[in-house]
Amino acid sequence: MGHEGPYLQLRPLGGGREWDADPSRLRPLGPAELLSARVAEANARSRTGLGLGDIRGSPQTDGAEDLGR
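How each quantity is defined
- Residues numbered from 1 in each chain as written.
- Predicted model: local features only at pLDDT ≥ 70, side-chain atom pairs only at ≥ 80, totals over all residues.
- Heavy atoms only, no water.
- Helix = DSSP H or I, 4+ residues; strand = E, 2+ residues; numbered from the N terminus.
- Buried < 20%, exposed > 50% of the residue type's maximum accessible area, 1.4 Å probe, protein only.
- Contact = heavy atoms within 4.5 Å.
- Areas by Shrake-Rupley, 256 points an atom, 1.4 Å probe, with all protein chains shown as cover.
- pLDDT = per-residue confidence, 0-100.
- Salt bridge = Lys/Arg side-chain N within 4 Å of Asp/Glu carboxyl O.

1. Regarding the overall build of the protein chain
The helix and strand inventory of the protein chain stands at one helix and three strands. Starting at the N terminus and ending at the C terminus, the protein chain contains elements arranged as β-β-β-α. Looking at the protein chain residue by residue over its 69 residues, the buried ones come to 7%. Across the protein chain, every contact between residues at least 6 apart in sequence was considered, and the portion connecting residues at least 24 apart equals 3%. Entry remark: accessible area of the protein chain is about 6,200 Å², with carbon and sulfur atoms responsible for 56%.

2. Quick look at the confidence of the model for the protein chain
Across the protein chain, pLDDT averages 76, with 62% of residues at or above 70. For the protein chain, strand S1 (residues 2-4) is the element with the lowest average pLDDT, namely 60, and strand S3 (residues 19-21) is the one with the highest, namely 92.

3. A word on the pattern of salt bridges
Taken as a whole, this structure holds three salt bridges when the rule is applied. Across the salt bridge formed by Arg-27 and Glu-33, the nearest N and O atoms sit 2.8 Å from each other. Look at Arg-27 and you get exposed, because its relative accessible area is 56%. The class for Glu-33 is partly exposed, based on a relative accessible area of 34%. Note that Arg-45 is salt-bridged to Glu-41, the shortest N-O span being 4.0 Å. You can see Arg-45 and its partner Glu-41 sitting in helix H1 (residues 31-47), four residues apart, about one turn around the helix. Classification of Arg-45 by relative accessible area gives partly exposed; the value is 31%. Given the relative accessible area of 40%, Glu-41 is considered partly exposed.

Structure (structure tokens):
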């Protein structure tokens with residue numbers, strides 16, 4: 001987030017084109033909105049292979065533990 005003159009410049013979490021926003025019309029995210037944004041970000045990371053722990057590719061397991069065997 002940056003600023004240009006009286007406006008704040010915002011960009012979507014996933015990247016993309018920024019836009020100008022009037023600071024007087026902005027508000028902090030509510031708890032549900034914040035949770036939704038964080039879940040969407042985690043889901044996007046998991047789809048692109050940037051998750052925190054890829055269990056299937058981990059050398060510590062052969063996958064049997066994941067299947068309950």
